[in-house]
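# Working through the structure, step by step
Residues per chain are reported as follows:
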Amino acid sequence: MIATGWVLLNLNLHFSRAVVHLSYDLPFLFRPVVVPDEVRMVYLNDDAHRALGQPYDRAWDRGIHAQLVERLTEAGARAIVFDIVFSGPSANPAADARLARAIQANGRVILASEYSPFAFGAGEGYRVERPHEPLAEAAAGLGITQLAQDEDMEVRRHYHGPVQEPEPVYSESWAAARVAGLPVAREDAARGAHRWMNYYCPPGLLPATAIHQALQPNGVPPGFFSNKVVFVGSYLSTAFSGERKDEFTSPFTAAVKGGEGAVTRKTHMAGVDVHATMFLNLLRGDWLRRSSDVVELAGTLLVGLVFGWALLSYEVVSHSVAQALAAALGGAAEQAVWDKFGKQCSKEHAASGDSYDWRPTYGDCPLKRLTAVDTGVGTGLIDFEGVRSEEHTSEL
């Protein structure tokens with residue numbers, strides 16, 4: 001029983017990942033909510049679209065972003081992070097020039113870039129898509145928008161850019177940490193350390209305002225932006241049919257959905273909020289760490305001993321549960337083998353015109369060379385689809 005539990009938890013199977021995810025999510029529901037005060041969020045939300053007359057399906061007037069940077073510079077913001085990719089020149093060269101001047105005058109602005117695969121036939125590997133060059137040259141740094149999300153759309157692990165690139169490629173939060181002078185960001189090699197997200201509060205609770213309010217002289221309380229790191233990005237309640245909004249689940253999502261007032265409370269977190277939370281982890285040094293193998297083994301042994309004792313107390317139940325568990329483990333292993341090799345075998349035999357079932361007879365395919373199921377611990381998938389280009393920021 002103990003061995004079975006250890007194998008299940010360490011195989012890269014859906015069941016194993018679900019157990020790990022649950023062990024990560026549950027503790028957040030039983031600890032006090034904390035609302036950090038070191039950051040401010042400025043949203044391009046539905047109210048801002050209407051108030052400023054900006055379209056949902058095209059890029060915003062960059063003159064508005066220039067006004068925001070000028071306003072935040074005057075208000076004494078510690079740094080400004082745009083979760084928007086200003087790709088290419090806009091239709092208004094004067095607005096581009098004004099935004100570049102405002103960014104340079106501030107001196108502490110981070111602009112978003114994209115780290116994505118080359119288009120088919122254009123080469124191998126990945127490329128960095130920089131903002132419009134005059135804006136990129138004026139910025140204090142660039143940070144990629146990609147996040148390491150799991151299959152349930154929750155970001156549980158930090159991702160601070162690829163470490164294998166010859167030139168440093170930083171995440172938005174790491175670039176902001178460098179500009180803010182945080183000790184953790186002094187060494188580039190530290191980006192690759194294993195860090196888990198520490199979420200402080202449910203979605204929508206970080207101190208925030210809409211961009212049209214931020215632009216008004218009395219739109220926010222006095223000192224609201226002073227010495228704060230300001231994150232600017234989209235937070236929409238609607239999107240076009242067939243398009244995914246730039247939002248993610250969090251450990252609080254299930255509780256918010258099922259809680260009182262679920263109709264009005266936000267259940268998902270904007271991508272810019274995830275970046276801000278990651279930056280807060282770096283600022284406070286309170287990111288989470290996964291338990292060591294020794295601790296996890298001790299926990300598995302304890303649970304196995306308790307569970308085994310309970311089963312031995314009920315012989316009939318023990319026999320039935322053991323059979324069910326063995327069947328489940330066998331089925332999970334078979335599915336893992338099929339995912340890894342079975343589809344390839346079927347394609348090979350289909351191409352030769354054979355009628356082939358890999359399960360009872362391995363045949364001449366990679367399955368007969370299989371000695372063990374891949375036991376690599378699953379990591380989050382880098383989301384290369386949820387990009388935030390300027391033209392689509394309002395739509396995601």
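Residues numbered from 1 in each chain as written. Predicted model: local features only at pLDDT ≥ 70, side-chain atom pairs only at ≥ 80, totals over all residues. Heavy atoms only, no water.

### Observations concerning the nonpolar core
Residues Phe82 and Leu111 are the most contacted members of the largest nonpolar core, which totals 32 residues. When residues of this core are traced back to their parent elements, those giving at least two are strand E1 (39-44), helix H4 (62-75), strand E2 (79-82), helix H5 (93-106), strand E3 (109-117), helix H6 (133-138), helix H8 (211-215) and strand E8 (229-234). A total of five residues in this core trace back to one element, the largest contributor, which is H4. The residues contacting Phe82, other than those within four sequence positions of it, are His65, Leu68, Val69, Val109, Ile110, Leu111, Ala112, Glu172 and Val232. In terms of nonpolar packing, the next biggest core, distinct from the first, is built from 29 residues, Ala79, Ala180, Leu182 and Ala185 among them. (Core = buried A, V, L, I, M, F, W, Y, C linked by side-chain atoms within 4.5 Å. Buried < 20%, exposed > 50% of the residue type's maximum accessible area, 1.4 Å probe, protein only. Helix = DSSP H or I, 4+ residues; strand = E, 2+ residues; numbered from the N terminus. Contact = heavy atoms within 4.5 Å.)

### Focus: helix H7 (residues 172-179)
Of all the eight residues making up H7, seven are buried; the element is thus mostly covered by neighbouring parts of the structure. Where H7 is concerned, the buried positions are Glu172, Ser173, Trp174, Ala175, Ala176, Ala177 and Val179. Taken from the residues just after H7, Gly181 is the one with a positive phi, measuring 75 degrees.

### A word on the confidence of the model for the protein
For the protein, per-residue confidence averages 77 on the pLDDT scale, and 62% of positions sit at 70 or higher. Low confidence marks residues 355-387, where pLDDT is under 50. Its contacts with residues over four positions away, or in another chain, come to 74 contacts. Scored below 50 in pLDDT, residues 391-396 makes 30 contacts in the model with residues more than four places away or belonging to other chains. (pLDDT = per-residue confidence, 0-100.)

### Comments concerning unusual backbone geometry
With a phi angle near 70 degrees, Met153 is a residue other than glycine that sits in the positive phi range. Position of Met153 among the secondary structure elements: in the loop between strand E6 (148-149) and H7. One non-glycine residue, Asn227, lies in positive phi territory at about 60 degrees. Among the structural elements, Asn227 can be located in the loop between H8 and E8.

### Concerning the pattern of salt bridges
Oppositely charged side chains may form a pair once their charged atoms are brought near each other. Overall, the coordinates contain 14 salt bridges when judged by the stated rule. Here Arg284 and Glu38 are joined by a salt bridge, their closest N and O atoms 3.2 Å apart. Taken together, the positions of Arg284 in helix H10 (residues 271-284) and Glu38 in the loop between helix H2 (14-25) and E1 put the pair 246 residues apart, joining distant regions of the chain. Overall, Glu38 belongs to the partly exposed group, its relative accessible area being 27%. (Salt bridge = Lys/Arg side-chain N within 4 Å of Asp/Glu carboxyl O.)

### Focus: H5
Since the α-helix packs 3.6 residues into each turn, any two residues three or four apart lie on the same face. For H5, spanning 14 residues, the distance from its first C-alpha to its last is 20 Å, which sits close to the expected 20 Å at 1.5 Å a residue. Along its buried surface, H5 packs onto H4, E2, E3 and H6. Where H5 terminates, the next one or two residues include Gly107, which has phi positive at roughly 80 degrees. (Expected span 1.5 Å × (residues − 1).)

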